[in-house]
Amino acid sequence: MTRTEPIRLAVEGMNCASCVGRVERALEEQTGISDVSVNLAAQNVQFTPEEPARIADAADALKAAGYPARTASVSFAVEKMSCASCVGRVDRALAAVPGVTSVSVNLATETAQIDYLEGATDPAALARAARDAGYPATVKKTAEGGSDPSARLTEEAEAQKRRAALAAALALPVFVLEMGSHMIPGMHGLIANTIGMKASWIVQFLLTTVILAGPGRQFFARGVPALAKGAPDMNSLVALGAGAAWAYSTVATFLPGLLPDAVRAVYFEAAAVIVVLILAGRWLEARAKGRTGAAIRALVGLRPQTARIRSEGTEREVEIDALSEGDLVVVRPGERIAVDGDVVEGSSFVDESMLTGEPAPVAKTAGAGVTGGTVNGAGHLVFRAARVGADTTLSQIIRMVEEAQGAKLPIQGLVDRVTMWFVPAVMAAAALTFLVWLVLGPEPTLTHALVAGVSVLIIACPCAMGLATPTSIMVGTGRAAEMGVLFRKGDALQALSEVSVIAFDKTGTVTEGKPRLTEFEVTDGFERGEVMHLAASLEAYSEHPVAAALVEGARAEGAEPDAVEEFESITGHGVAGLVGERRVLIGSARLMVREGIGTEVLAARAEALSERGRTALFVAVDGRLAALVGVADPIKPTSAAAIAALKAEGFEVALVTGDGRSTAEAIAQETGIDRVVAEVLPDGKVAALEELGAGRKIAFVGDGINDAPALAHADVGIAIGTGTDVAIESADVVLMSGDLSGVVNATRLSRMTMRNIRQNLGWAFGYNAALIPVAAGVLYPAFGVLLSPILAAGAMALSSVSVLTNALRLRRIAPAFRDRAAETGSQAAAAPLPAE
């Protein structure tokens, strides 16, 4: 079966932009694999396989390239196995799951041990496969390697911290022995007169060798094989630099006769301190990387581990992965709801802020839908599970955020082109620097050549280049998810930052999409309650949205409909019928004129309502004008403020609607929208966008089925999450709430994230452009300055940490209209019945 959804694999061994390029090329060369995107910060690769078998091909290609896909193991307790045939069926069901590399099923212990590619599948999917085959499975334990990425990054940071600490402890005596004389007068003479310089060099050799073979071994274990393959990376640069300083110093210590007296010196302290500083940088880098994925971890943390189900009159607690569609799930006060479903018993208020960002709890009674991850209030609920596992809303949100975080933005193309040749170019520059100093440099030429060549190798930092884009994307899209903005397609992050026109659908987007009774004015001689009762009785027989609004408004005032006889729907005009013995007529002014009923008494008021965007209807009883009815689709409380904020940021704002021009213009006037395109059909919205864009990038915001063509056609489609599934699937960005402040949040996040990426790239490229020549010695002829390899290592370590720290600033972006109370109730405008 063809597989079209992206696969994400965790990859080991990536540490710089050169690694990213090699991983990307290794997969792009494989048949049946497309849309490859590598994320250095998250240490993963995302791609789309044509079929499940291509996943194994991808894993083989990664292994051959020197960047193996991370594997994990899980052990299941499997029920209902009774014979070898059962074992075979379980084995086949599990082995068929894409990403599984090996399966071992044991009938005697009723267990199954599965090894799988981390990211391609997970224990929940494996448990479902066994359950679907008729053998319920529950996780016994997850073996090492199956941990959550944040835990791995924490472990990595701790491991690098321990290595850095050990290396620092060993390097301190080396540094003191060699460099102490520069800080402590008489230190050099003290060493010479006690242990002697030869013994000092031997001690330095021993300690430095331990550092390189122990804490610094990772640079050689990864860098030398990469160099041997002709694909050097950052580890290769460090290994060459530190190795060259160590080798030269070792020759000076044990074979001094091979070197002239003038250049017989040791640089053990350079090799040792280089390793210490780079390990410290990687420790800080791993810590910062862990913080970039905070939003995903927060979302995953919303998932409860267990749920209480009701079966055959009893309640029992089960693992959440064991839930199936149709299970009755019991939620006690204060508990987090396990999966999506529909309430069948009880009532409560549920905090859905994790989805919408809105703090107000939502009332839930029988028939209402609930979402996994939300928090129950003080009531008791029982709901029937409708979507479990990967199908829940929370799982889909996590998947969308992960896909957006793994996306490759167009701006990344520049980085890829540069980094493809960066490390080989640095090695060539270091070799050229060494030769130039050796030929043209002052005495001692070999010493100067070695220092300059090693400095060039060490100071170059493709790590910063590789981290510049993915870290900002991860933090930016993660912060967006926390604010209820989901970037379904990663490139929408960049595309939205380039938009200059934003067009809004009206009904359900700018307005609430639910008509309400706003006015009911009676003429002299009639009682309001009586007329409302008659009107509601008649409209209860109509399916028109205006009728529903009138009936709902009447019921709110205690007027319940009665039976109607001789009901008649007069197309395009209104309705008529007998309520008891009274003839009631409801409709437009045209209907009243046709029936010979004068509307002069309320004509001016009706015109005023129309100018304010209301739908005005007349009620006649027994041939006399009885009331004027105003029905409106209220504008959402924050629509006007959101539109004002967008205009303040330089966007041109337009309204595209199928409603009448007078209504659309009334809405536009109330909300501050600049341009109006009214009375358009769904296909006409596409043409309207082309006209509004006129060579500029345009975003369209909508919520209905009829908005899907426009959402798909716009440069960026933004769907209201409370709208239809079709609209959401057609969009690039989804706002989890119906609040238009989400559009402001999306645009601000997009622009600020892209600005952050450009800052990171500017720093990464500018750093190398400025400091590689300094390391090579361009300042020496004029100022006598030659950069020490130790300072070069410190600067290199700092560059990656600077990029990550800058990206983490995006976590501090505040949502628009944080004080909702100031906005609520400030916009009283309303719109008439939609024609969309």
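Residues numbered from 1 in each chain as written. Predicted model: local features only at pLDDT ≥ 70, side-chain atom pairs only at ≥ 80, totals over all residues. Heavy atoms only, no water.

Bringing the overall build of the chain into the picture now. Looking only at helices and strands, the chain has 32 helices and 29 strands in total. For the chain, buried positions account for 54% of its 836 residues. Sequence separation of at least 24 residues holds for 70% of the intrachain contacts in the chain that already meet a minimum separation of 6. As displayed, the chain offers around 34700 Å² of accessible surface, 56% of which is attributable to carbon and sulfur atoms. (Helix = DSSP H or I, 4+ residues; strand = E, 2+ residues; numbered from the N terminus. Buried < 20%, exposed > 50% of the residue type's maximum accessible area, 1.4 Å probe, protein only. Contact = heavy atoms within 4.5 Å. Areas by Shrake-Rupley, 256 points an atom, 1.4 Å probe, with all protein chains shown as cover.)

By secondary structure assignment, the location of Gln204 is in helix H7 (residues 197-213). A residue is classified by how much of its surface remains accessible, and Gln204, at 0% relative accessible area, is buried.

Burial runs high along strand E27 (residues 716-720): five of the five residues are buried. Of the two faces of E27, both are covered, the one formed by Val716, Ile718 and Ile720 as well as the one formed by Gly717 and Ala719. Pairing geometry for strand E26 (residues 698-702) and E27, over four bridges, is parallel. Paired with Phe700 across the bridge in E27 is Gly717. (Pairing = 2+ DSSP bridges.)

Taken in spatial order, the three strands of this open sheet run E1-E3-E2, and their pairing is antiparallel. Looking at strand neighbours, the two that pair on one side only are strand E1 (7-10) and strand E2 (33-39), the edges of this open sheet. On average, adjacent strands in this sheet sit at an angle of 20° to one another, irrespective of strand direction. Sheet analysis places E1 next to strand E3 (residues 44-49), joined by four bridges and oriented antiparallel. Considered in E3, the bridge of Leu9 is made with Val45. In the packing of helix H1 (residues 17-28) onto the sheet, the strands contacted are E2 and E3, and the crossing angle to E2 comes to about 165°. Along the sheet face, helix H2 (residues 53-65) touches E1, E2 and E3 and points at about 140° away from the line of E3. (Axes fitted to C-alpha atoms, helices over the stretch in contact; angles between N-to-C directions.)

We now examine the packing of aromatic side chains. Taken as a whole, this structure holds five aromatic pairs when the rule is applied. Look at Phe205 and Trp246: their rings are 5.9 Å apart centre to centre, the planes differ by 25°, and that puts the pair in the stacked class. One end of the pair, Phe205, is in helix H7; the other, Trp246, is in helix H9 (residues 234-254), and 41 residues separate them in sequence. What makes Trp246 partly exposed here is its relative accessible area of 25%. Both rings, one in Trp437 and one in Tyr780, keep their centres 5.1 Å apart while their planes meet at 75°; by these two values the pair is edge-to-face. A residue pair is termed long-range when its members are at least 10 positions apart, and Trp437 in helix H15 (residues 422-440) and Tyr780 in helix H30 (residues 780-783) qualify at 343 residues. You can call Trp437 buried: its relative accessible area is 7%. Aromatic ring contacts, followed pair by pair, group Phe205, Trp246, Phe254 and Phe268 into a single cluster. (Phe/Tyr/Trp six-rings, centres within 6.5 Å; stacked < 30°, edge-to-face > 60°.)

Bringing the side chain of His448 into the picture now. Tracing the backbone through its elements, the reader meets His448 in helix H16 (residues 445-459). Residue classification places His448 among the buried residues on the basis of a relative accessible area of 13%. A distance of 3.3 Å separates a polar atom in the side chain of His448 from the backbone oxygen of Pro442. Apart from the residues within four sequence positions on either side, His448 is in contact with Trp437, Pro442, Glu443, Tyr780 and Leu786. (Polar contact = N/O pair within 3.5 Å; in protein donor to acceptor, adjacent residues only side chain to side chain.)

Quick look at the UniProt feature "transmembrane region" (unreviewed entry) in the chain now. This chain's UniProt record puts "transmembrane region" (unreviewed entry) on residues 164-184, 190-216, 237-259, 265-284, 418-440, 446-469, 761-780 and 786-808. With 85% helix and 0% strand, residues 265-284 has its two end C-alpha atoms placed 33 Å apart. End-to-end, the C-alpha atoms of residues 786-808 are 34 Å apart, and along that stretch the chain is 87% helix and 0% strand. (UniProt positions renumbered as here; feature names shortened; annotations may be inferred.)

Below, the discussion takes up the packing of H1 against H2. Closest axis-to-axis distance for the H1/H2 pair is 9 Å, and the angle between their directions is 140°. Put simply, H1 runs oblique to H2. Classified by chirality, the crossing of H2 by H1 is right-handed. The segment H1 lies against H2, with Val23, Ala26 and Leu27 engaging Ala58, Ala61, Leu62 and Ala65. Taken together, the residues of the contact of H1 with H2 sort by class into seven nonpolar, no polar and no charged. (Parallel < 35°, antiparallel > 145°, perpendicular 65-115°, else oblique. Left-handed = near helix turned anticlockwise from the far one by under 90°. Nonpolar A, V, L, I, M, F, W, Y, C, P; charged D, E, K, R; others polar.)

With that settled, consider the pattern of salt bridges. Within the structure shown, the criterion is met by 22 salt bridges. Glu345 is the salt-bridge partner of Arg310, the closest N and O atoms lying 3.2 Å from each other. Within this pair, whereas Arg310 is found in strand E8 (residues 306-311), its partner Glu345 is found in strand E11 (residues 340-351), the two being separated by 35 residues in sequence. On the basis of relative accessible area, Glu345 is assigned to the partly exposed category, the value being 36%. The salt bridge involving Arg332 is made with Glu335; its shortest N-O contact spans 3.1 Å. Classification of Glu335 as partly exposed rests on a relative accessible area of 27%. Taken together, the salt bridges that share partners define one network made up of Glu51, Arg54 and Asp57. (Salt bridge = Lys/Arg side-chain N within 4 Å of Asp/Glu carboxyl O.)

A separate point is the pairing of strand E5 (residues 100-106). Across six bridges, the pairing between E5 and strand E6 (residues 111-117) is antiparallel. Across the sheet, the residue bridging to Val100 is Tyr116, located in E6.

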